[in-house]
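Residue-level structural notes
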Amino acid sequence: MHSATVFVELGGVILALGLLGGLAMRAGISPIPLYLLGGLAFGHGGLLPLSTSEEFISIGAEIGVLLLLFTLGLEYTADELVRGMRQSAVGGLLDLVLNAAPGIVAGLLLGWDPVAIVVLGGVTYVSSSGIIAKLLADLGWVGNRETPVVLSLLVMEDLAMAVYLPILTTLLAGVSLLAGSVTLGVALLAIALVLLVALRFGWLVSAFVKSPNDEVLLLKVLGLVLLVAGLAQELQISSAVGAFLVGIALSGPLAEAARELLSPLRDLFAAVFFVFFGLQTDPSHLPPVALVALGLAVAGVLSKFATGYIAAARAGVGRNGRYRAGIALIARGEFSIVIAGLAVSAGVEPALGSLAAAYVLILAILGPLIGRLAEPFLHRPTHPHHAGSETPVSEPGPEPERESQLNVSH
Amino acid sequence: MVEVERTALPGIGLRHILTTSRGRQIGVVSHRSGRRDLLIYDPDDPDTSVDDVALTVDEAEALAELLGTRRVIERLAELERQVEGLVTEQIPITAGSPYDGRTLGDTRARTRTGASIVAVVREGEVLASPRPDFRFQTGDIVVVVGTKEGTSAVAQIFRNG
């Protein structure tokens with residue numbers, strides 16, 4: 001019974017992911033590193049290697065990437081992207097240069113070929129918007145002055161991904177320079193076109209997809225995402241970017257509804273994606289790259305911190321806010337794995353997969369951890385932060401005193 | 001003019017920060033889902049929100065209503081302060097009143113006291129803004145607005161002429 005084995009294996013994997021997710025929640029960390037570890041355990045050379053379900057998991061993983069990018073696109077309206085591009089171009093460029101540098105330098109030192117170096121630069125560059133969004137909410141940082149700076153840097157990174165992924169896809173396909181630049185031109189044109197359509201005719205896309213019935217809406221949206229992703233892949237633009245663009249084109253209440261409907265699917269397939277990445281990584285390849293990964297992680301913490309600090313300072317934010325902006329950006333996660341995943345399936349540089357896995361394992365845990373540890377020090381000692389959001393608003397007693405002190409000093 | 005600063009939060013929604021005249025800052029993050037976060041900023045560090053309260057759509061509306069109602073009450077109190085010193089008095093026309101059966105013009109109440117007769121209540125009915133040829137009769141209640149002294153003087157006129 002072939003299907004019996006598949007079900008047992010799939011069920012075992014998904015159940016294990018559920019248990020790991022629960023563990024991550026209790027520990028207050030991102031589940032991504034645990035999913036990766038789960039994948040390592042189930043993969044070649046792991047504790048419980050899978051025999052038959054790897055094919056299904058591989059397709060599931062690709063759908064996971066599409067849904068990750070699609071829901072990311074849903075987060076932003078085309079208007080926000082265009083405004084973000086105008087306002088934080090300098091910060092975004094700084095982010096790119098400072099954070100791609102450690103990966104590129106490491107790649108050069110390891111003597112890798114150019115494509116692998118470009119991949120490693122991407123892995124070290126891009127922050128995890130998923131982990132960061134959760135961190136901001138958990139620590140009560142959403143309302144802080146520096147948060148728009150952090151968010152617009154993330155917007156810039158996502159836009160950069162929309163350009164970077166097609167470049168990478170082209171490079172990985174090993175096509176000639178001319179053919180490569182043609183695809184790249186097509187990709188950029190497609191991105192510009194989608195932004196234009198979303199800005200001017202967003203209502204048209206919404207009118208096509210719109211349905212009062214959840215089931216119909218789910219099928220239409222999922223179908224559209226897969227279809228556009230497939231077409232984009234056909235044009236060598238990268239299926240992930242296609243999905244991202246569909247997300248951007250949907251906006252308003254429709255985007256909200258689509259997000260609610262597709263989030264459970266996204267969670268399932270994204271978890272499968274992280275497992276799949278772990279599956280492809282042989283645990284025995286981790287120790288040799290551990291030292292490099294650790295060095296990259298240290299450099300990654302410093303470079304992201306510097307990025308956030310400088311960007312916040314440029315926006316006129318005070319000292320505490322600059323520290324917070326720097327710390328918030330440290331976490332790497334899903335997108336580093338997406339980039340490395342593309343390279344691994346193309347068969348570039350065998351050590352790349354395990355290096356990226358180790359790098360993300362460290363920084364997905366370290367980013368939120370640094371935030372949690374630093375948070376108590378990023379307030380004036382006289383105003384302890386109330387951890388629960390339901391605690392009553394400020395104690396009424398000392399309030400007038402503080403205000404009168406303020407009046408005196410002015 | 002109240003100063004309100006508006007900032008877009010990509011991926012989340014909008015943030016408004018209001019600075020009070022005493023220098024405190026309050027913010028509202030409007031999530032696209034309709035959720036609202038009420039934020040209180042540190043008076044010493046305007047970059048840091050020291051507390052946030054997540055509100056559902058209904059809770060946010062209830063809070064907005066409370067704040068709005070307070071403003072209406074404050075305006076009423078303000079109006080009352082503006083007309084401070086004015087009193088209203090209701091003066092009955094008794095059987096022996098010298099003005100029973102005479103007109104409002106005959107009393108020359110405004111000229112003599114400065115107070116105004118704004119209405120007369122007759123048989124449970126309010127007759128607003130009576131004209132000078134209005135004729136009083138026993139049982140009428142005259143509504144007078146003016147200073148304390150003025151309204152007392154009008155009462156004196158109706159009693160004794």
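Residues numbered from 1 in each chain as written. Chains lettered and ligands numbered in written order. Predicted model: local features only at pLDDT ≥ 70, side-chain atom pairs only at ≥ 80, totals over all residues. Heavy atoms only, no water.

1. A word on the overall build of chain A
Assigned secondary structure in chain A consists of 17 helices and zero strands. Computed over C-alpha atoms, the radius of gyration of chain A comes to 22 Å, within 12% of the 22 Å expected from 2.2 N^0.38 for 410 residues, which places it in the range of a compact globule. With respect to the three principal axes, the spread of C-alpha positions in chain A is 80 × 50 × 45 Å. Per-residue burial over chain A gives 51% buried out of 410 residues. Taking as baseline every contact in chain A between residues at least 6 positions apart, the subset at least 24 positions apart corresponds to 82%. For chain A, the accessible area works out to roughly 18200 Å², and carbon and sulfur atoms hold 72% of it. Charge centroids of chain A, computed over 19 positive and 28 negative side chains, lie 10 Å from each other. (Helix = DSSP H or I, 4+ residues; strand = E, 2+ residues; numbered from the N terminus. Rg over C-alpha atoms; globule rule 2.2 N^0.38 Å. Buried < 20%, exposed > 50% of the residue type's maximum accessible area, 1.4 Å probe, protein only. Contact = heavy atoms within 4.5 Å. Areas by Shrake-Rupley, 256 points an atom, 1.4 Å probe, with all protein chains shown as cover. Lys, Arg positive; Asp, Glu negative; His and termini not counted. Charge placed at Lys NZ, Arg CZ, Asp CG, Glu CD.)

2. Quick look at the packing of aromatic side chains
Enumeration over the complete set of coordinates arrives at eight aromatic pairs over all chains. With a centroid separation of 5.3 Å and 55 degrees between ring planes, the pair formed by Phe273(A) and Phe274(A) is classed as tilted. Plain terms: the ring middles of Tyr99(B) and Phe158(B) are 6.0 Å apart, the flat faces sit at 75 degrees to each other, and that makes the pair edge-to-face. Linking Tyr99(B) in the loop between β6 (87-92) and α2 (104-107) with Phe158(B) in helix α4 (residues 148-160), this pair joins segments that are 59 residues apart in sequence. Residue Tyr99(B) shares its accessibility class with Phe158(B), and that shared class is buried. Among the aromatic side chains, those forming a connected cluster through ring pairs are Tyr99(B), Phe134(B), Phe136(B) and Phe158(B). For Lys220(A), the ring lying beneath its charged end belongs to Phe208(A), and the centroid distance is 5.9 Å. (Phe/Tyr/Trp six-rings, centres within 6.5 Å; stacked < 30°, edge-to-face > 60°. Lys NZ or Arg CZ within 6 Å of the ring centre and 35° of its normal.)

3. Let's talk about the nonpolar core
If you look at the biggest cluster of nonpolar residues, it comprises 130 residues, and the most contacted ones within it are Ile57(A), Leu69(A), Phe70(A), Val221(A), Phe273(A), Phe274(A) and Ile339(A). No other element matches helix α12 (residues 252-280) of chain A, which puts 14 residues into this core. In contact with Leu69(A), not counting residues within four places along its chain, are Ala240(A), Ala243(A), Phe244(A) and Phe335(A). In terms of nonpolar packing, the next biggest core, distinct from the first, is built from 16 residues, Ala109(B), Ala115(B), Val120(B) and Ala155(B) among them. (Core = buried A, V, L, I, M, F, W, Y, C linked by side-chain atoms within 4.5 Å.)

4. As for the pattern of salt bridges
If you walk through the whole model with that rule in mind, you get 14 salt bridges over all chains. Residue Arg145(A) is joined to Glu5(B) by a salt bridge in which the shortest nitrogen-to-oxygen separation is 3.1 Å. Taken together, the residues Arg145(A) in the loop between α7 (129-138) and α8 (147-173) and Glu5(B) in strand β1 (residues 3-9) connect one chain to another. For Arg145(A), a relative accessible area of 17% corresponds to the buried category. Relative accessible area serves as the criterion here: at 31%, Glu5(B) is assigned to the partly exposed category. Salt bridges linked by common partners bring Glu75(A), Glu256(A) and Arg259(A) together as one network. (Salt bridge = Lys/Arg side-chain N within 4 Å of Asp/Glu carboxyl O.)

5. Digging into the domain arrangement of chain B
When its domains are assigned, chain B resolves into domain 1 (3-82) and domain 2 (87-160). Each of domain 1 of chain B and domain 2 of chain B was reduced to a C-alpha centroid, and the two centroids are 51 Å apart. (Domains from an automatic or database assignment.)

6. Some points on the confidence of the model for chain A
Per-residue confidence for chain A gives a mean pLDDT of 84; residues scoring 70 or more make up 92%. Residue range residues 381-410 of chain A is modelled with pLDDT below 50. Its contacts to residues more than four positions away, or to other chains, number 36 contacts. (pLDDT = per-residue confidence, 0-100.)

7. Thoughts on the pairing of strand β7 (residues 116-122) of chain B
Along a regular strand, successive side chains alternate from one face of the sheet to the other. All names here are of chain B. Two elements, β7 and strand β9 (residues 141-146), share five bridges in a ladder whose sense is antiparallel. Directly across from Ser116, in β9, lies its bridge partner Val145. The hairpin turn running from β7 into strand β8 (residues 125-128), its antiparallel successor, is two residues long, and Glu123 in that turn takes a positive phi close to 50 degrees. (Pairing = 2+ DSSP bridges.)

8. Digging into the sheet that holds β8(B)
Residues and elements named next belong to chain B. Pairing is antiparallel in the open sheet, where four strands are placed in the order β6-β9-β7-β8. At either end of the open sheet lies a strand with only one pairing partner, and these are β6 and β8. Taken pair by pair, the neighbouring strands of this sheet meet at an average axis angle of 25 degrees, ignoring direction. In terms of strand pairing, β7 meets β8 through four bridges, oriented antiparallel. Residue pairing in the sheet places Val121 in a bridge with Val126 of β8. On top of the sheet, α4 reaches β6, β7 and β9; it is set at about 10 degrees to β6, its chief contact. (Axes fitted to C-alpha atoms, helices over the stretch in contact; angles between N-to-C directions.)

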